[in-house]
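Residue-level listing of the chains:
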Amino acid sequence: MKKCFKIIGIFLTMFILTDIVTSLLSSSKAAEGVNNVVYKSSEIENGISVKRNRYDDYIKKYENIEQPDDEIVIEAREFKRAEPEVEIIENYEGMSGSSVLTKDEGFIEWTFNVERPGLYNVKVVYYPIEGKGTDIEREVWINGELPFFEAKYITFGRIWKDAENITQDSRGNDIRPRQIESPGWVETFIKGYTSYYQEPYKFYFKEGENTIRFVSVKEPMIIRSIIITQAEEIPTYEQVKEIYKEKGYVESRGQFIKIQGEKASYKSDPTLYPIYDRSSPLTEPYHSSKIRLNTIGGYRWSLLGQWIAWEFEVPETGLYKIAIKSRQNIAHGLFTTRSLLIDGKVPFKEVENIKFNYGNDWEMKELQNEKGEPFLFYLEKGKHEIRLEVALGDLAEILRIAENSVYQLNAAYRRMLMILGASPDPYRDYQLEREVPDAIEILKQQSEVMKYLSQRLQDYTGQRGSYIALLDRLAYQLEDLAKHPETIPTRWSDFKTNIGALGTWILSVKEQPLEIDYIIIASPDQEMPRAEANFIEKLVHEVRAFAATFYEDYSSIGEVYGDAITVWTHSGRDQAQILKQMIDDTFTPKTGIRVNLKVVPAGVLLPATVAGRGPDIAMQVGIEEPINYAIRGAVVNLVEFADFEEVSKRFHPSALTPYQFNGGVYALPETQDFPMLFYRIDILEELGINPPQTWDDFYRILPEIQKNNMEVGIPTQPTGLPTYAMFLYQMGGTIYDEEGKSCRLDEEIAIEAFRKWVLLYVNYKLPLEYDFANRFRTGEMPIGIANYQLYNQLAVFAPEIRGLWAFIPVPGTVKSDGTIDRSVAASGLGCMMMKTCKNKEAAWEFMKWWTSAEIQERFGREMESLLGTAARYGTANLEAMSRLPWTTNDYKNLSTQWEWVKGIPQIPGAYFTPRHVDNAFRKVVYQGEDIRETLLDYVRVINDEIAKKRKEFGLE
């Protein structure tokens, strides 16, 4: 008996030791996974994968390395390799010698020799040739490697200006000038505008032969030369004053130059157009009720690297002081910062980071030292340029650390998620300190980081506010979770929420908005005007503004005519103003047809039409509306127009499907949206899996994802019909018969598609409701299907995972010939002509103009210029889509998926289909009902409604 107990004891000891060793090994591997997450480069298809090391890590590696003052000039035409072939251009736009035109895909590589190894800056002389209107983007590879993560996102800016002076419409409101490119040769250092570094990047070059490669991500550019050198050090004001004394510079007398902010000469972004302010009667120019474009900037001028430049004339040589009438009333509790450049250079260190305090009122910001003594700037007689550029100052380091913290905390969250799952049992001890000690250590480290950031931010702002409160709360939570890991399951939701809040905090803090009324350059003896109105001036202003609300028409946009077609839009006022401006400067001059454009709520169209007071054309209508109006005889059949067939070729056939019925077409597509497969590159690499190409691939990787307590998102909300249609179309089925008389979801192929869809949630337990953007951001849902317009949200909403995600066509069904059917259902908006329209030919001309490639492209670019990447326009025009500023790789993926897009037909009674498909889905998933019988029951209900509606409207 004793011998048996002894043997059992030996086995138990061996088991425990094996378990401990296994745990230690897995913890070691886990720690390695958290700290060395990899991402895929632009050449991932060739098997290249680069570790995600930051610029901070890279520069620390070479912190003791020499920075030689040598200068190496690389002539662009002396490249070693280029794919595809590049074009050599001689003496382009005033630049003598040979330049190289590089396209929006491929790469170009140069070889050069370095005598003294060390850290160097890289300067590029380039010309932003016409492209799709966004910043040029390149990856920079040194000696065959991407030196650091941020080198994937090197941007080269464009130059923009107002196309015309500010004019007024017939109602006395200023009209915003169009923004056009004003390209010219630019000489710039490679900087990290997207990664919170104000100084140019430094790159290590070894002794002897080196290579530098530019990999095109988007937009073409012409390169004249690349210069390996050192950026000049900016002197202090005291050093500059000594130069003034040595050269005998004297103060100017009696000079007062006022530069109106809205009259900027050049700008870095088309979003930086003139805006209006009616909050103060001292804003120049002013009107109590009319729109006066009298300022520039605001929340649109908030991103690192954005700049606005003004040209001005100096009447006499001498020393001048500078003041800026400005307002920063958005970033509460923070400064915003600008760098001042005169004729392309920062004159001295003290104006490299000018701080503008938060306040509701306008402020006259005089540039001066801590003693209140104005800084003096030497200006020679003649033309000069003053530029203000968004900078971050001390916030740059704070944001860099915070963004890295989000990345680390998300990594820790995913490690614990693999143990806990999305909804951990609060009564179970998961022994996280043993299972994932690396994650617990991250919590402890990041708690100290949060404390450090809190103190840094308090020192920077001089106060404690809501921005600091979040850091303090997170620091306490992380510290407590690290001390008591057994409490993590009960606080899991709060932990996840606070990580998301930190990401949002970064977005808020990095924004540096500033609005400018005017800039003054004056002699030191001149007095500055007051910036804010007194009580009497404010009172008179408010009374006048209130009185104007009784007679001003705020629903109409721009010019209002008596003899014109009326167009209603449901879009925002900014979008409507773009459209109205395009109408007035392009459509009306070309056709002579006048247009009255109105912004109305979406629900107004139906009652207005019934009352006989509707528009001639309704824009931005949903896909279900045109046929509903058509069967009631309320809209025009566009097939009646002789050139309809030619116009219809602008769109993918699927875009017209929802608007077709009984041989007629009752709307033209404006936008089209369709699903893509979004996936996290970094997480899938950690798991050692590839994004699925087929549904068989999908079923193979699903257990691996779920085994690690992560989830996959396939949407069922707001309705599951598009997802069901994806399976149905890929299997060769249809929703309705060809004549739209009945629903065909009772056919065998439809039942099998329904079974395939439903079993994802019954057998594989896919989530039914979820916030994909948030869960994708944290990595909780590393793969999912969503409409491609989600790209817009992720590009702005989740900057910390830039480069760590991508989208590709959805998984497909393998057909008998071996091809993959990737069919998906589309959604979108259209515009329709109402039957009450008196001048149908004029209305048709407008609809043709509006849906043309040129106008859709311009509207898309103007929208993005107005609101940034978040407003990337999903046009239905195929040619216009190809011209919008997608990266080459993203557009290829979109084009591939678009080939498989199919529309969902709209017929009388079609509103019953999504409703009862959802009912059938819920009955099977929630109540466990039989798949076949449940779907057949609801198909009978759908067909009864279709028959009822056809009878109601006198159809066969």
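Details of the structure are given in the entry above.
Residues numbered from 1 in each chain as written. Predicted model: local features only at pLDDT ≥ 70, side-chain atom pairs only at ≥ 80, totals over all residues. Heavy atoms only, no water.

Enquirer: Even after reading the chapter, I still don't get the overall build of the chain, so can you show me in this structure?
Expert: A count of helices and strands for the chain gives 26 helices and 46 strands. Taken against the 2.2 N^0.38 rule, which gives 30 Å for 956 residues, the C-alpha radius of gyration of the chain at 32 Å falls within 12% of a compact globule. For the chain, the spread of C-alpha atoms along the principal axes amounts to about 105 × 95 × 60 Å. Per-residue burial over the chain gives 56% buried out of 956 residues. Taken as a whole, the chain presents about 41,500 Å² of accessible surface, with 50% of it coming from carbon and sulfur. (Helix = DSSP H or I, 4+ residues; strand = E, 2+ residues; numbered from the N terminus. Rg over C-alpha atoms; globule rule 2.2 N^0.38 Å. Buried < 20%, exposed > 50% of the residue type's maximum accessible area, 1.4 Å probe, protein only. Areas by Shrake-Rupley, 256 points an atom, 1.4 Å probe, with all protein chains shown as cover.)

Enquirer: Could you clarify how one ought to interpret the sheet that holds strand β10 (residues 154-156) in this entry?
Expert: Sheets are built from strands paired through backbone hydrogen bonds, the pairs being either parallel or antiparallel. Taken together, five strands build an open sheet; the order of strands is β4-β7-β17-β9-β10 and the sheet is antiparallel. For this open sheet the edge positions go to β4 (81-83) and β10, each flanked by a neighbour on one side alone. On average, each strand axis in the sheet is inclined to that of its neighbour by 25°, with strand direction left out of account. Two strands pair when backbone bridges link them, and strand β7 (residues 107-114) and strand β17 (residues 208-218) are joined in this way by eight bridges, in the antiparallel orientation. Within the sheet, the bridge partner assigned to F112 lies in β17 and is N210. (Pairing = 2+ DSSP bridges. Axes fitted to C-alpha atoms, helices over the stretch in contact; angles between N-to-C directions.)

Enquirer: Would you mind showing me how to read the pairing of strand β6 (residues 98-102) here?
Expert: Residues in a regular strand point their side chains to alternate faces of the sheet. Buried residues dominate β6, accounting for five of its five residues. The two faces of β6 match: S98, V100 and T102 on one face and S99 and L101 on the other face are all buried. Bridge count for β6 against strand β18 (residues 221-229) is three bridges, and the pairing is antiparallel. Note on β18: the bridge partner recorded for V100 is I223.

Enquirer: Would you explain the nonpolar core in this entry?
Expert: Note on soluble globular proteins: their nonpolar side chains tend to be buried together. Counting 194 residues, the largest nonpolar core has M416, W505 and F846 as the members making the most contacts within it. Looking at which element gives the most residues to this core, the answer is helix α4 (residues 395-420), with 14 residues. Residues contacting F846, with those up to four places away along its chain left out, are I565, V567, I583, F587, V595, I617 and M619. Listed in part, the 42 residues of the second largest apolar core include A76, V124, I142 and A151. (Core = buried A, V, L, I, M, F, W, Y, C linked by side-chain atoms within 4.5 Å. Contact = heavy atoms within 4.5 Å.)

Enquirer: Please clarify how a nonpolar patch on the surface should be interpreted in this entry.
Expert: A cluster of nonpolar residues, F535, I536, L539, V540 and V543, forms a patch on the protein surface that exposes about 500 Å² of accessible area. Relative to the assigned elements, V540 resides in helix α9 (residues 535-548). V540 sits in the partly exposed class, given a relative accessible area of 37%. (Patch = residues over 30% accessible without salt bridge, like charges linked within 9 Å, V, L, I, M, F, W, Y side chains within 5 Å. Salt bridge = Lys/Arg side-chain N within 4 Å of Asp/Glu carboxyl O.)

Enquirer: I would appreciate a short explanation of the pattern of salt bridges in the present structure.
Expert: Where charged atoms of side chains with opposite charge meet at close range, the side chains can pair. Tallied over the full model, the rule gives 58 salt bridges. Between D162 and K267 there is a salt bridge whose closest N-O contact spans 2.8 Å. Of this pair, D162 sits in strand β11 (residues 160-162) while K267 is found in strand β20 (residues 266-267), placing the two residues 105 residues apart along the sequence. Across the salt bridge formed by R415 and D438, the nearest N and O atoms sit 3.3 Å from each other. A residue pair is termed long-range when its members are at least 10 positions apart, and R415 in helix α4 and D438 in helix α6 (residues 437-461) qualify at 23 residues.

Bear in mind that shape data such as this cannot, by itself, settle questions of function.
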